Amino acid sequence: MTLPIPPISTSVKQEIHDYTLITLALCMYAFGLTCFMLPYQITTGGVAGISSIIYFATGFEVQWTYLFINVAFLVAAVIELGWRFCIRTIYAVLMLTFITWAFQRIFEDAEGNLPRWVGDEAFMACVIGAIIEGAGLAICFSANGSTGGTDIIAAIVNKYKNISLGNIIMFCDIIIISSCYFVFHDPRRMVFGYVCLILSALTLDYMLNRRRQSVQFLIFSRNYRRLADEINSTGRGVTVLDGTGWYTKTERKVLVVIAKKSESMNIFRLIKYIDPYCFISMSNAQGVYGEGFDKIKAKQLTNKHPLVFATNNAHKLEEVRAMLGDLFEIRSLDDINCHAEIPETGNTFAENALLKAQYVKRFYGFDCFADDSGLEVEALGGAPGVHSARYASEEGHDAEANMTKLLHEMEGKENRRANFRTVIAFVSDLHEPKFFEGRIEGQILTERRGEGGFGYDPLFVPDGYDITFAEMTAEQKNAISHRGQAMASLVDYLNAGKA
């Protein structure tokens, strides 16, 4: 089977966008360091601060010390933040090393001295350099990047605790800046270093938190339907609540909208245009988490990452949990309170599996895998195929009726060859949908045999065996079955750390 090649999604564009922002941020940081910190012998924080101290004492250029120290931090990045973060960190460390070297070559004079752009105003250089560095860090973090060094420590803590990145970096950097006194015995440099630290941290937090400012609207309007539709069209969700106006003793609808502060004016304009006489309450919303806002950052209650298997079939869940239970917490559709009839309108197993997995990911947010399986009989032209569960009736899932119809259709046919086939679609935030296939050949019997299994198992004897799936133990079936093969491929993929 040729699996469908998923279209290139916006994730590729997002990667390009992120790396462009990270590169811009690194240029800003290197510019602030090279043109305002080094010429005035101001010690900044982080690994760059350590590198600066060594540079001032020995003349060994900062980029090489920065590179050597950061190699050690990459081990922690791999363990705690994963390869994706590590790849970006490696990129940032190498790029910042190069950019810092290039800026020194560009701006230094014939004698190798860096120019003093603001004359003898060391404090002004400290202020300008700190703001530029802080802005660069903010842009880098907003693109899920890192400049290495203490940024890795900050990102690890921020992964589990909702603590300001600026405060984490400040705590780490106080030690670094304080150490410059023991090298130079000059309190002025240490004070300038603290000023630089505070200003860069304030700039970092201001730029990051300004993007995250949110507001909550409560809108009381008789024309709530049109208002809700128009606000939805801007990309923001709307919740409609039932209420009662106690003064008039009449029912009212209340629209609840959470939006970024930057979007509030557009929402106000929509409201004024549609219903200028409605009643509105707007308040600042602190800590808004969910799709379109910040992600919840907290340790999981268990060490197992939750994965949803898009099914409520108890037999399938039992099989899959036996295969993946040591690695992940496998949740069913019932476990996430999904009781919708997910449409399976695809023409192939892969299309149906993808529809189910994407539905769960879109509306419930969990990483999800879904399977679509079926029996393909040669003498019936591949039927029942994708219609295996609904072979006897559109209501579906009546195994006895399905087997009865299959036996009837196979009466008088000498060719009893058939195969079971499964395709699993896996959907997560990290990559395009992935597909895993399993297939097993066998024969269709003329009568049912065995009490185990489910579906068409009592009629199917796999090649090399003289018993049906329904006569096998769960362990025997999982070892050779189509679903077992596809699941084994998924397990290998997950074990490789690609999910």
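Definitions and limits used
- Residues numbered from 1 in each chain as written.
- Predicted model: local features only at pLDDT ≥ 70, side-chain atom pairs only at ≥ 80, totals over all residues.
- Heavy atoms only, no water.
- Helix = DSSP H or I, 4+ residues; strand = E, 2+ residues; numbered from the N terminus.
- Buried < 20%, exposed > 50% of the residue type's maximum accessible area, 1.4 Å probe, protein only.
- 1 Å grid on protein atoms, 1.4 Å probe; cavity = no way out; pocket = protein on both sides within 12 Å on 5 of 7 lines; lining within 4 Å.
- Points joined across faces, edges and corners; volume = space filled by probe spheres on them.
- Nonpolar A, V, L, I, M, F, W, Y, C, P; charged D, E, K, R; others polar.
- Expected span 1.5 Å × (residues − 1).
- Core = buried A, V, L, I, M, F, W, Y, C linked by side-chain atoms within 4.5 Å.
- Contact = heavy atoms within 4.5 Å.
- Pairing = 2+ DSSP bridges.
- Axes fitted to C-alpha atoms, helices over the stretch in contact; angles between N-to-C directions.

When helices and strands are counted, the chain shows 14 helices and 10 strands. Taking all 499 residues of the chain together, the buried fraction comes to 45%.

Computed from the structure, the second largest pocket encloses a volume of approximately 1000 Å³. Elements represented by at least two residues in the lining of the second largest pocket include exactly α10 (314-324), α11 (349-364), β7 (368-377), α12 (399-409) and α14 (482-495). Broken down by class, the residue content of the lining of the second largest pocket amounts to 13 nonpolar, 15 polar and 12 charged.

Here the residue pair Ala-383 and Pro-384 is connected by a cis peptide bond, since its omega of 0° sits within 30 degrees of zero. Within the element layout of this structure, Pro-384 appears in the loop between β7 and α12. Of note, Gln-41 is a non-glycine position whose phi angle comes to about 50°, a positive value. Of note, Gln-41 is situated in the loop between α1 (10-37) and α2 (46-58). Unusually for a residue other than glycine, Asn-337 sits at a positive phi of about 60°.

Moving on, we come to α2. Residues spaced three or four apart along an α-helix face the same direction, because each turn holds 3.6 residues. Helix length check: α2, at 13 residues, gives a terminal C-alpha distance of 19 Å against a target of 18 Å (1.5 Å per residue), a fit within 8%. Taken together, the buried positions of α2 are Gly-46, Val-47, Ala-48, Gly-49, Ser-51, Ser-52, Ile-53 and Phe-56. Just past α2, the residue Gly-59 takes up positive phi, approximately 85°.

Core analysis: the largest hydrophobic core is formed by 45 residues, its most contacted members being Leu-26, Leu-33, Met-37, Leu-38, Ile-42, Leu-96 and Leu-204. Residue assignment for this core shows that the elements contributing at least two residues are α1, α2, α3 (62-107), α4 (122-142), α6 (165-184) and α7 (187-212). Looking at which element gives the most residues to this core, the answer is α4, with 10 residues. For Ile-42, the contacting residues outside a window of four places in its chain are Phe-36, Met-37, Phe-56, Ala-122, Ala-125, Cys-126, Phe-192 and Gly-193.

Take Leu-333: it is sitting in the loop between β6 (328-331) and α11. The exposure class assigned to Leu-333 is buried, which follows from its relative accessible area of 8%. As a C-alpha pair, Leu-333 and Asn-313 span 20 residues in sequence and 9.5 Å in three-dimensional space. Leaving out residues up to four positions away in the same chain, Leu-333 has contacts with Val-308, Phe-309, Ala-310, Thr-311, Asn-312, Cys-338, Ile-342 and Val-360.

Moving on to the sheet that holds strand β10 (residues 460-462). Across the sheet, which stays open at both edges, the 6 strands sit in the order β6-β5-β7-β8-β9-β10 with mixed pairing between neighbours. Every interior strand has two partners, whereas the edge strands, β6 and β10, have only one. The sheet shows a mean angle of 35° between the axes of neighbouring strands, taken without regard to direction. Bridge analysis of β7 against strand β8 (residues 417-427) gives 10 bridges, and the strand direction is antiparallel. Across the sheet, the residue bridging to Asp-372 is Val-423, located in β8. Its contacts with the sheet place α14 against β5 (305-309), β6, β7, β8 and β9 (434-444), and it is angled at close to 155° to β9.

A few words on the sheet that holds strand β4 (residues 279-285). Taken in spatial order, the 4 strands make up an open sheet running β2-β3-β1-β4, and their pairing is antiparallel. Two strands close off the open sheet at either side, each with one partner strand: β2 (239-245) and β4. The mean angle between the axes of side-by-side strands here comes to 25°, regardless of whether they run parallel or antiparallel. Against the sheet, helix α8 (residues 224-233) makes contact with β1 (214-220), β2 and β3 (250-260), and its axis sits at roughly 10° relative to β3, the strand it touches most. Sitting on the sheet, helix α9 (residues 264-274) touches β1, β3 and β4, and the angle it makes with β1 is about 10°.

Once that is clear, we can look at empty space enclosed by the protein. Over the atoms rolls a probe the size of a water molecule, and in doing so it shows where empty space is left. Enumeration over the complete set of coordinates arrives at 2 cavities of 30 Å³ or more. Its boundaries defined by the atoms lining it, the second largest cavity holds a volume of some 60 Å³. Tyr-29, Leu-33, Ala-48, Ser-51, Val-62, Gln-63, Tyr-66, Leu-96, Thr-97 and Thr-100 together form the lining of the second largest cavity. Where the lining of the second largest cavity is concerned, the elements lending two or more residues are α1, α2 and α3. By residue number, the principal contributor to the lining of the second largest cavity is α3, which donates 6 residues.

Spatial relationships are all this shows, so hold off on functional conclusions.
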